[in-house]
Amino acid sequence: MAFMSQTGKLRGPAFRVGFYLVPGFPMMAFAAAIEPLRAANRLSGESLYEWTLYSQDGAPVRASNGIEVAVQRAAGNAVGIDLLLACAGSHKAETASAATVRWLRSLARAGTAVGGISLGPYLLADAGLLDGRRSAVHWESLAAFAERYPRVRTTADIFAVDGNRYTCSGGTAALDMMLSLITSQHGRALANDVSEQFIHPRIRDTRDSQRMAIQSRLGVANERLIAAVGLMESASDDARPVQDIAETVGLSPRQLERLFARYLRTSPSRHYMKVRLERARAMLLESTKPILDVAVAAGFTSASHFSRCYRAAYGRKPSDERAGVRR
C-alpha cells in the first residue's frame, strides 16, 4: 500500500532485502551492504528499506572473524522479498547444496532480484543464474571463477548490476553497490548523504577498479617499472620471459633488474614468480581444476616444478593447500 512521505511524495511499500549468510561470510562486506539501508531510513525519516537475515537451517551463522550472527529465517522461506543477496567468504562443496540451488532458482523464477557479495556469486553461478550476465567477484578469485563458469561474463569491476542480478567484489564495494541501489530508487542526494555518514568521500562507479593502482600499491612512480609489473600481473597461461618484458617496456634485462632491485628490493624473476604463485593459490582454493591444469594456467611447464616452487613459497605442497593441511 502506498503512503505519503515527509517530502510530500507518494511512496510505495518498503523495498525488502534478504541476506543469505554462508558460514565464514565476511563481516565487513555484510556490514557495508546492510548499514547503508539503515542509514537511508534514518536520514530520510522513512522506512524505505526492510531486511531479513537467512541461513541454510535458520541457525546463527559464524562469520569469518568468529562472531555469530542470529538470523530470522531458514533458506527456502523467503516470502515477499524484492532482492536476495548471498554473502559468502569461501566456496565449498556444501555451500551450494541442491536445496540452496533450488531455492535460488525458485526466487529468480518468481521475479525476485538476486545477487552475491564477495564470493556469493559462486552460489548464483552454481544455480545457473549468472549465465550470460556480467558478474563481479573478489579479485583473488577472478581467474578461478572465470575458468569455472565460462558462461558468466566475469568482470574485474568493483560491482556489477546486470538486469536484476547484483554482484560485488566484497569489502567496501558492497557499500558502493548499495549506494547505487539507493540512487536508482531515491535519488543521488540521499545516496550522497548516506555516503557521507560513513566517511566515504566518493561513491565509486561500477567500473572502478578493485585494486589500488600499481604505483600506489607498490609505492613506486617509475613508469617503466609500473608497466613491467602490469605485464606480469596480466593473466596468461604462458609465462613471458623477463627479457621479453624488458624489451616491451623499452629496457634491457639488466636495466630492468636494476629497477626492481632499487625500488622493490627483489629481482624481476622473483617478483614474477610471486605473482604466478598467488594466481595459482587462488585457483587451488576456489576451483576443482586438477593441479596440473592449475600449474599450466599459472605459467608452469610441469606439475613437479610447480610443486617445488609452491612449497618453497608457502611451506606446503599444492595438494596439501587444497586439502586444508597446515604443517
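In this text the structure is predicted, and so the values were computed from the model without any measurement.

A. Local environment of unusual backbone geometry. Despite not being glycine, Ile199 has its phi angle at roughly 50°, a positive value. Tracing the backbone through its elements, the reader meets Ile199 in the loop between helix H6 (188-197) and helix H7 (214-218). For Ile199, a relative accessible area of 71% puts it in the exposed group. We note that Arg265 has phi near 55°; this positive angle belongs to a residue other than glycine. Looking at the secondary structure, you find Arg265 in the loop between helix H10 (253-263) and helix H11 (268-286).

B. Here's a closer look at the packing of aromatic side chains. Taken as a whole, this structure holds eleven aromatic pairs when the rule is applied. Note on Phe19 and Phe30: the rings are 5.6 Å apart at their centroids and 80° apart in plane angle, and the pair reads as edge-to-face. Residue Phe19 is located in strand E3 (residues 15-21), and its partner Phe30 is located in helix H1 (residues 27-44); the two are separated by eleven residues in the primary sequence. Taken as a pair, Phe19 and Phe30 share a single burial class, namely buried. Taking 5.0 Å as the distance between ring centres and 90° as the angle between the ring planes, the aromatic pair formed by Tyr122 and Phe145 counts as edge-to-face. Of this pair, Tyr122 sits in helix H3 (residues 121-126) while Phe145 sits in helix H4 (residues 142-148); the two residues are 23 residues apart in sequence, bridging distant segments of the chain. Residue Tyr122 is classed as buried on the basis of its relative accessible area, which comes to 0%. Judged by its relative accessible area of 0%, Phe145 is buried. Ring pairing ties together the aromatic residues Phe300, Phe306, Tyr310 and Tyr314, which thus form one cluster. The lysine or arginine in question, Arg211, covers the ring of Trp139, its NZ or CZ lying 3.7 Å from the ring centre. For the cation-ring pair, Arg276 lies above Phe300, with the distance from its terminal atom to the ring centre recorded as 4.2 Å.

Conventions we followed
- Residues numbered from 1 in each chain as written.
- Predicted model: local features only at pLDDT ≥ 70, side-chain atom pairs only at ≥ 80, totals over all residues.
- Heavy atoms only, no water.
- Helix = DSSP H or I, 4+ residues; strand = E, 2+ residues; numbered from the N terminus.
- Buried < 20%, exposed > 50% of the residue type's maximum accessible area, 1.4 Å probe, protein only.
- Phe/Tyr/Trp six-rings, centres within 6.5 Å; stacked < 30°, edge-to-face > 60°.
- Lys NZ or Arg CZ within 6 Å of the ring centre and 35° of its normal.

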